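Descriptive structure summary
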Amino acid sequence: MRRLRLAVAQIAPVLGDVEKNLALHEKVAHEAISRSVNLLVFPELSLTGYFLKDQVPSVALTDRAPALDILRNLSNRVAMVIGFVEETPGHHFHNAAAYLEGGEIRHIHRKVYLPTYGIFDEQRYLAAGSRIRAFDTALGRMTILICEDMWHPTAAAIAAWDGAEIILCPSASPGRGLGQAEPFQNSSTWQRVIGAYGDLFTCFVVYANRVGYEDGACFWGGSEVVGPTGASLAKARYLEEDFLVVELEEGALRRARIANPLLRDERPDLTLRELQRIMRVHDAGEPDGGARG
Amino acid sequence: MDALRLRCDTIRKVLTGFIDNEVRKAGFERVVVGLSGGVDSALSAFLAAEALGPQDVWAILMPYRTSSVQSVEHAKLVVDSLGIQSLTVDISPMVDAYFAGFPDADQVRRGNKMARERMTILFDHSARLGGLVLGTSNKTELLLGYGTLYGDMASAVNPLGDLYKTQVRQLARHLKVPAVIVEKQPTADLWTGQTDEAELGFTYEEVDKLLSLLVDQRYEVADLIAEGFDERFVRGVYQKVLASQYKRRLPVIAKISARTIDRDFRYPRDWGR
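Computed from a prediction, not measured in an experiment: that's the story for all the values here. (Residues numbered from 1 in each chain as written. Chains lettered and ligands numbered in written order. Predicted model: local features only at pLDDT ≥ 70, side-chain atom pairs only at ≥ 80, totals over all residues.)

Focus on the overall build of chain A
- The helix and strand tally for chain A stands at eight helices and 14 strands.
- In summary, chain A has a C-alpha radius of gyration of 19 Å against a globular reference of 19 Å for 293 residues, a match within 12%.
- Contacts in chain A between residues at least 24 apart in sequence constitute 66% of all its contacts with a sequence separation of at least 6. (Helix = DSSP H or I, 4+ residues; strand = E, 2+ residues; numbered from the N terminus. Rg over C-alpha atoms; globule rule 2.2 N^0.38 Å. Contact = placed C-beta atoms within 7 Å.)

What follows is the structure, encoded as structure tokens:
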């Protein structure tokens, strides 16, 4: 990767109003350009809002939608990660994030793990993605994991093994539960997860959360960028809009991987073998207890 | 009670942000709140005054002729402390006129009628003043069903519905709601000498601890009994939660069409906002 200036747009998208959200993205992108930002990361579903329910098909865009032209053009001046509902040619709808650079979409990640429990209902409305990939950009090799994807350590492990130097995580995390740390129980879990991933996968982790309210749920903000030792490099305010700017330095990645050569010592062959064994047990119909054998 | 301890600074920010956001999204700038003199409506008013400014909070005092003098005094204390707008509507004439035709009505019917009378006045003033009706029901009473359906349970925006009664008190202290209001015995004041805890048969401290384990921590009834809670208390509370489920939902609709409201016609409340 190269040295870069990264920004997180901690915004409050308007629920279900793509037009207003596009205008907001445009405004923030101009701000980023004026501050010489190379990569601007928006939260999950930044063009649509989160608790869409039956609005999902009404706000969906294909990857060729003219609505995205303005942002595509702006990506000649600042690379961007934007969140949207992607409609496939077969009319499936994905919770997706696109990496825009040099006037085009370079990569789309479709959220793999769709939370459908507690306050969440994503599988009712959305199709799950089936790929986790690192991809090359002019700025370095990256992986996008959307919100819940990050709560599955295997997703981050795949990203790291695939060579990601930066894990980009757009998120729409509603605060819930009273915890020991500010501001909510789940936010303290998030902070531990991104810190641990930076540390264990010796990469940069960019957590871009949103703010605002939808149906009484409060998105808590607190976007954060963590370095490859797990140390926090910058953190946005809780519960308020913010614009977080931070310099990522290639040397930090190199030094962390020299000091802590965890990725060098990984054993994907062993992991694969053990996974295959576990999958054989699963296929034999004993998904819970059988893996001990 | 540690699990119920609030980080009051954060919750204050979340709730004032909530009021500001939900009121303005709906196209309003103002709220209308019924002040009873109790801690719940006082806290709602304090939060709204902070969120919207005191000039955009209208307190409506709606005493009945048997309401305690103290209740009215405490409501006025809230109005004066905050400098919010207020007016008083005595509900005795309309309630008495109705029950003149039903002189045998018991306390529960009379109490419910009063709560619903107040609701109609609040929603009328919502139209008159261009303000949303601010809710004052807390999580404890919503779970126990200790409120009047379409009466005090009716509102447009409720900042307190996910706070237990003991948490309402914590936050009220933090916002400096006058101590005489926070520390007094809670009462629906529907008849002379009524108190919530005497009517319910347990204290808010006890039931909040139980409810937070049952609801928030997902304990089963058997787990709660194993934890040492009195079995009759646990089963009694659980029964109240079950029996009042209908109060927390829209009326049940007979399904006919391909898309039935709230069943398979599902949009956020903030749809288009």
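What to know about the overall build of chain B
- Tallying secondary structure elements over chain B gives 12 helices and four strands in all.
- At 19 Å, chain B has a C-alpha radius of gyration in line with the 19 Å of a compact globule built from 273 residues.
- Projected onto its principal axes, the C-alpha coordinates of chain B cover approximately 50 × 45 × 45 Å.
- Split into buried and exposed, the 273 residues of chain B put 37% on the buried side.
- Taking the intrachain contacts of chain B between residues at least 6 apart in sequence as the baseline, contacts between residues at least 24 apart amount to 72%. (Buried ≥ 20, exposed ≤ 12 C-beta atoms within 10 Å, placed from the backbone.)

Description of the sheet that holds strand β3 (residues 85-88) of chain B
Residues and elements named next belong to chain B.
- Pairing is parallel across the open sheet formed by four strands, whose spatial order is β3-β2-β1-β4. This sheet does not close on itself; its edge strands, each paired only once, are β3 and β4 (132-133).
- Bridge count between strand β1 (residues 31-35) and β4: two bridges; the pairing is parallel. Pairing of Val-31 across the sheet is with Leu-132, part of β4.
- With respect to the sheet, helix α3 (residues 69-82) is in contact with β1, β2 (57-61) and β3, its orientation differing from that of β2 by roughly 170°. (Pairing = 2+ DSSP bridges. Axes fitted to C-alpha atoms, helices over the stretch in contact; angles between N-to-C directions.)

Concerning the domain arrangement of chain A
- Taken domain by domain, chain A comprises domain 1 (4-262) and domain 2 (267-293).
- A C-alpha centroid distance of 32 Å is found between domain 1 of chain A and domain 2 of chain A. (Domains from an automatic or database assignment.)

Some details on the environment of Arg-277 of chain A
- Within the element layout of this structure, Arg-277 of chain A appears in helix α8 (residues 268-283).
- Sequence separation between Arg-277 of chain A and Thr-137 of chain A is 140 residues, and the spatial gap between their C-alpha atoms is 36 Å.

Quick notes on the environment of Arg-35 of chain A
- Mapped onto the fold, Arg-35 of chain A is located in the loop between α1 (18-34) and β2 (39-41).
- Distance in space between the C-alpha atoms of Arg-35 of chain A and Asp-69 of chain A is 22 Å, their sequence separation being 34 residues.

Details of the packing of helix α4 (residues 92-100) of chain B against helix α5 (residues 107-129) of chain B
Residues and elements named next belong to chain B.
- It is the contact of α4 with α5, at a shortest axis distance of 10 Å, that shows an interaxial angle of 135°. On the basis of their axis angle, the class for α4 and α5 is oblique. As for how α4 packs across α5, the hand of that crossing is right-handed. Between α4, through Met-94, Val-95, Tyr-98 and Phe-99, and α5, the contact on the second element is made entirely by Arg-110, Lys-113, Met-114 and Glu-117.
- Per-class residue counts for the contact of α4 with α5 are five nonpolar, no polar and three charged. (Parallel < 35°, antiparallel > 145°, perpendicular 65-115°, else oblique. Left-handed = near helix turned anticlockwise from the far one by under 90°. Nonpolar A, V, L, I, M, F, W, Y, C, P; charged D, E, K, R; others polar.)

Here's the deal with α5 of chain B
Residues and elements named next belong to chain B.
- Spanning 23 residues, α5 covers 32 Å between terminal C-alpha atoms, matching the ideal 33 Å at 1.5 Å per step.
- Those residues of α5 that sit buried are Lys-113, Met-114, Ala-115, Arg-118, Met-119, Leu-122 and Ser-126.
- Immediately downstream of α5, the backbone of Gly-130 shows phi near 65°, a positive value. (Expected span 1.5 Å × (residues − 1).)

What to know about the nonpolar core
- In this structure, Val-41, Ile-167 and Val-206 of chain A together with Ala-45, Ala-48 and Ala-59 of chain B are the most contacted members of the largest nonpolar core, which totals 147 residues.
- Per-element tally for this core: the top contributor is helix α2 (residues 39-52) of chain B, with 10 residues.
- Among all residues touching Val-41 of chain A, those that are not within four sequence positions of it are Leu-6, Val-8, Ala-9, Val-81, Leu-168, Pro-170, Val-206 and Ala-208 of chain A. (Core = buried A, V, L, I, M, F, W, Y, C linked by C-beta atoms within 7 Å.)

Here's the deal with the interface of chain A and chain B
- Chain A puts 16 residues into the contact, and the matching count from chain B is 18 residues.
- For the side of chain A that touches chain B, the leading source of residues is strand β10 (residues 211-214) of chain A, giving three residues.
- A per-class count over the side of chain A that touches chain B returns seven nonpolar, four polar and five charged.

Quick notes on the sheet that holds strand β3 (residues 79-87) of chain A
All names here are of chain A.
- Taken in spatial order, the six strands line up as β5-β4-β3-β2-β1-β14 in an open sheet, and their pairing is mixed. Every interior strand has two partners, whereas the edge strands, β5 (104-110) and β14 (242-248), have only one. Averaged over all pairs of adjacent strands, the angle between their axes in this sheet comes to 30°, without regard to strand direction.

Thoughts on the pairing of β5 of chain A
Residues and elements named next belong to chain A.
- As judged from the six bridges shared by strand β4 (residues 93-101) and β5, these two strands associate in the antiparallel manner. In the strand pairing of β5, Glu-101 is matched with Glu-104.
- Where β4 folds back onto β5 in an antiparallel hairpin, the turn is made up of two residues, including Gly-102, whose phi is positive at roughly 60°.

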